[in-house]
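Residue strings, one per chain:
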Amino acid sequence: MLKLLKYLKRSAGYIVCIIMLLFLQAYCDLSLPTYTSDIVNVGIQQKGIGDCVPEELSVSSMDHLKLFMEPEEQEKTETYYHVQEDHCVLNDSISKEDRESLNDLFGRPILALSFFTQDSEQVRALKEQMQLPPQADILEALEQMPPEALDKILEEIEDQISSMPESIITQMAIAYLQQEYTTMGIDVDQMQIQYLLKIGLQMLGVAFLGMLAAVLVTFLSARVAAVTGHDLRNNIYRKVIGFSNKEYNDFSTASLITRSTNDIQQIQLLTAMIFRIAMYAPILGVGGILKVLQTDVSMSWIIALAVGLILVLVLMLFGIAMPRFKKLQTLIDRLNLVTREILTGIPVIRAFSREKHEEERFQEANQNLTQTNLFVNRCMTFMMPAMMLIMNGISVLIIYNGSYAVDSGTMQVGDMMAFIQYAMQIIMSFLMLTMLSIMLPRASVSAGRIAQVLESKTAIRDPEHPKTAIPGMEGCVKFEGVSFSYPGSDEKVLRDITFTAKRGQTVAFIGSTGSGKSTLLNLIPRFYDVSEGSVQVDGVDVRHMSQKDLRDKLGYVPQKSVLFSGTIHSNIAYGCPGASREQMEQAAAIAQADSFIMEKPEAYDSPISQGGSNVSGGQKQRLSIARAIARQPEILLFDDSFSALDFQTDTALRKALKKAVKETTTLIVAQRISTIIHADLILVLDEGRIVGQGTHRELLADCDVYRQIAMSQLSEEELAG
């Protein structure tokens, strides 16, 4: 996988934007539980009063509060409040830090004041101790008491308050403020509504911002993944186009198709998921853990338990499913191979009535892939229900423990709700990573298969300093002591081949099947490189020329004619897109293709289906010959390219060819003597060696192999003629 990271460089700017948006999305998602907690704790339970700092208080109530403050606390209070009519009003310019400081300052005095304003048994007992009548104002009595006596009473109250949780002190202080606000004529219900609207709108804004960030992350991730897939396909295409026949044999066509499509699709899908999930999950998980620690450390063991259970579940499932994941791509390769063979071989399959056998072969490959997919998916079906069980169990455990904390006053209901949400976010982050890890093994295999293609060394490469043709040697083809064996084989297919084809000459190769005729011809365009000796074109060893320069000099007609989907015109002009219409028509006339072309309603604009399946074998062969001639090359290579032509068409084509390409060197591989009977030089091959060379008459007189071939094909009158 790491080897393919370099293909992300092109999208570096988008990746930076994605990371920034992921942090923004995580911040928004982690902020929402806090807003939920505030709505429950402050908006509902505390009537919109966020802390115990009075926004406004009567002067008399403020004086009473100062009874329970230290002198420096009284001075601090006077700094932040100003008197307006008969009320003490909090300054507008107070900072957040100052407000938090005041919240700590006011909590205990307000609670103490609340204690003395209640008609409780403790207050009545204190009045009796102070010898005050029941209807007396104890606060006025406290104001007139000596400092020593007052301090003693305050110490007793402080001892009682100090044992109370901070959250209880705050809630009781806020309850007192609600009563004071109501007494002063302030609409507490309106304060609550305003607070809920304010927090609600903020929550909606944060949620919308998080949604926008998520949408942009998805959009940019899809773009990065698409660009990565595009670049990988391009690079594989360029690599495969440069393959020699050796590399095609090593990988197989079906495997290369799978690697260029299905494997890259796996990488593209994983790339999108990495940015949407793999990078987001850790940010969300770590942020959730930090938030949990800020909310309540005492229940953090529940999160650790959840993470442990998830890891155990994932390891168990992956230990079972991982080996099968790695087999999936190989099984897809096999299915593609069988499918391709069946589809291309349908005529043969029908001719030999082997439909049942091929159906069984396809069924076996399909069944193996299906069973592996089913096994993997069955394993993964346990993942989501087990995860949901863990999540629901953790929620119940949090509520169970949290209810005791709420009952004891160490936690508020809103905090417990926030804790549940943070716990779910942490578990979801692990769940997202788990779901991603399901894709990872298959994508990892795909990445390895893609890297294998991209890192493969092509056997046929251009030289660092290519040479150009020697003046005066144009069209000359020369073999000097050429021997050849296929890669990985020690057996020589060609042995010590030496001949020269001069400009304008026609040189033919004939011999029994497997004698090396087509192999010899394939050495000229460098489909393979010689094992020994050299092949020269225009006086230069083909290994010292660039492949493009070499092949630009050639017109090649393969043994198996290949046409591309398009039109007749596009196929003839395939090797020379800029050629004129007249040039195309002339090439078709030489190849004896114009007769059947003009019979079609659309003539040269007639469609050609994939592989040329809508034309006959002879027509396909003539169009392939016309394509090579239209290029007007220096050298024409015909690899048994007249086999599908009848005798009359063959004769007419050779006459037209001889007349039209006098300056072109022509090399012909043939099985029929009639095709090459007028060649300037005929080479007879047997088991990879030249056993005879000369003209038709010379070989009839001197070469037994050629004579036997000729006698098997021609009558005595034709031989004598």
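The rules behind the values
Residues numbered from 1 in each chain as written. Predicted model: local features only at pLDDT ≥ 70, side-chain atom pairs only at ≥ 80, totals over all residues. Heavy atoms only, no water. Helix = DSSP H or I, 4+ residues; strand = E, 2+ residues; numbered from the N terminus. Rg over C-alpha atoms; globule rule 2.2 N^0.38 Å. Buried < 20%, exposed > 50% of the residue type's maximum accessible area, 1.4 Å probe, protein only. Contact = heavy atoms within 4.5 Å. Areas by Shrake-Rupley, 256 points an atom, 1.4 Å probe, with all protein chains shown as cover. Axes fitted to C-alpha atoms, helices over the stretch in contact; angles between N-to-C directions. Parallel < 35°, antiparallel > 145°, perpendicular 65-115°, else oblique. Left-handed = near helix turned anticlockwise from the far one by under 90°. Nonpolar A, V, L, I, M, F, W, Y, C, P; charged D, E, K, R; others polar. Pairing = 2+ DSSP bridges. Salt bridge = Lys/Arg side-chain N within 4 Å of Asp/Glu carboxyl O. Expected span 1.5 Å × (residues − 1). Core = buried A, V, L, I, M, F, W, Y, C linked by side-chain atoms within 4.5 Å. pLDDT = per-residue confidence, 0-100. Patch = residues over 30% accessible without salt bridge, like charges linked within 9 Å, V, L, I, M, F, W, Y side chains within 5 Å.

A. Summary view of the overall build of the protein. On a plain count of helices and strands, the protein comes out with 28 helices and 15 strands. In summary, the protein has a C-alpha radius of gyration of 45 Å against a globular reference of 27 Å for 721 residues, an excess of more than 25%. Evaluated residue by residue, the protein yields a buried proportion of 47% over its 721 residues. A separation of at least 24 residues holds for 76% of the contacts in the protein among residues at least 6 apart in sequence. As presented, the protein carries roughly 37,000 Å² of accessible surface, and 56% of it is formed by carbon and sulfur atoms.

B. Expanded view of the packing of helix α3 (residues 71–80) against helix α4 (residues 96–117). One way to put it is that α3 packs onto α4 with a least axis distance of 11 Å and a crossing angle of 135°. The angle between α3 and α4 places the two elements in the oblique class. For the crossing formed where α3 meets α4, the hand is left-handed. Contacts between α3 and α4 involve Glu-73, Lys-76, Thr-77 and Tyr-80 on the former and, on the latter, Asp-98, Ser-101, Leu-102, Leu-105 and Phe-106. Classifying every residue of the contact of α3 with α4 by side-chain character gives four nonpolar, two polar and three charged.

C. Focus on the pairing of strand β2 (residues 81–84). Here β2 pairs with strand β3 (residues 87–90) via four bridges, running antiparallel. The partner of Val-83 across the bridge, within β3, is Cys-88. Taken together, β2 and the strand that follows it, β3, pair antiparallel across an intervening segment of two residues, in which Glu-85 is found at a positive phi of about 60°.

D. Representation of the pattern of salt bridges in the model. Applying the stated criterion across every chain, the model contains 16 salt bridges. One salt bridge connects Arg-361 with Glu-358, and the closest N-O pair in it is separated by 3.0 Å. Of this pair, Arg-361 and Glu-358 are both found in helix α15 (residues 355–381), three residues apart, which corresponds to roughly one turn of the helix. Overall, Glu-358 belongs to the buried group, its relative accessible area being 13%. The closest approach of N and O atoms between Arg-543 and Asp-541, which form a salt bridge, is 2.9 Å. The partly exposed category is assigned to Arg-543, whose relative accessible area is 28%. What you see here is one network of salt bridges that share partners, running through Asp-51, Glu-55 and Arg-99.

E. Main features of α15. If you check α15, its first and last C-alpha atoms are 37 Å apart, about what 27 residues at 1.5 Å a residue would give, namely 39 Å. Residues of α15 that are buried include every one of Glu-358, Arg-361, Ala-365, Leu-369, Thr-372, Val-376, Cys-379 and Met-380, and no others.

F. Broad picture of the sheet that holds strand β6 (residues 506–511). Spatially, six strands are ordered β9-β12-β13-β6-β14-β15 in an open sheet, and the strand pairing comes out mixed. A strand with exactly one partner marks an edge of an open sheet, and here the two such strands are β9 (554–557) and β15 (689–694). The sheet shows a mean angle of 15° between the axes of neighbouring strands, taken without regard to direction. Across four bridges, the pairing between β9 and strand β12 (residues 635–639) is parallel. Considered in β12, the bridge of Tyr-556 is made with Leu-637.

G. Spatial organisation of the environment of Leu-8. Tracing the backbone shows Leu-8 in the segment before α1 (12–45). With 217 residues separating them along the chain, Leu-8 and Ala-225 place their C-alpha atoms 8.8 Å apart. In this structure, Leu-8 is in contact with Ile-15, Val-224, Thr-228, Thr-271 and Phe-275, ignoring residues within four places of it in sequence.

H. Fine view of the nonpolar core. By size, the foremost hydrophobic cluster in this structure holds 71 residues, and its most contacted members are Ile-394 and Ile-398. Broken down by secondary-structure element, the contributors of at least two residues to this core are α1, α9 (188–241), α11 (253–278), α12 (280–295), α13 (300–344), α15, α16 (383–408) and α17 (413–455). Among the elements that make up this core, the one with the highest residue count is α17 (18 residues). What Ile-394 contacts, discounting residues up to four positions off in sequence, is Ile-302, Ala-306, Ala-423, Met-424 and Ile-427. Ranked by size, the runner-up nonpolar core spans 48 residues in total, among them Ala-508, Ala-587, Ile-597 and Ile-608.

I. Layout of the confidence of the model for the protein. For the protein, per-residue confidence averages 80 on the pLDDT scale, and 92% of positions sit at 70 or higher. Across the protein, the element-wise mean pLDDT spans from 62 in helix α28 (residues 716–720) up to 90 in strand β4 (residues 477–484).

J. Up close: a nonpolar patch on the surface. A surface patch of nonpolar side chains, amounting to about 740 Å² of accessible area, comprises Leu-24, Tyr-27, Phe-208, Leu-209, Met-211, Leu-212, Val-215 and Leu-216. Top element by residues in the nonpolar patch is α9. It accounts for six residues. By the element assignment, Leu-209 lies in helix α9. Residue Leu-209 is classed as partly exposed on the basis of its relative accessible area, which comes to 36%.

K. Looking closely at the sheet that holds strand β8 (residues 540–541). With antiparallel pairing, four strands are arranged side by side in an open sheet as β5-β4-β7-β8. Only two strands of the sheet have a single neighbouring strand rather than two, namely β5 (494–501) and β8. Of the pairings in the sheet, the one linking β4 to strand β7 (residues 532–537) comprises five bridges and is antiparallel in character. Bridging across to β7, Lys-478 finds its partner in Gln-536.

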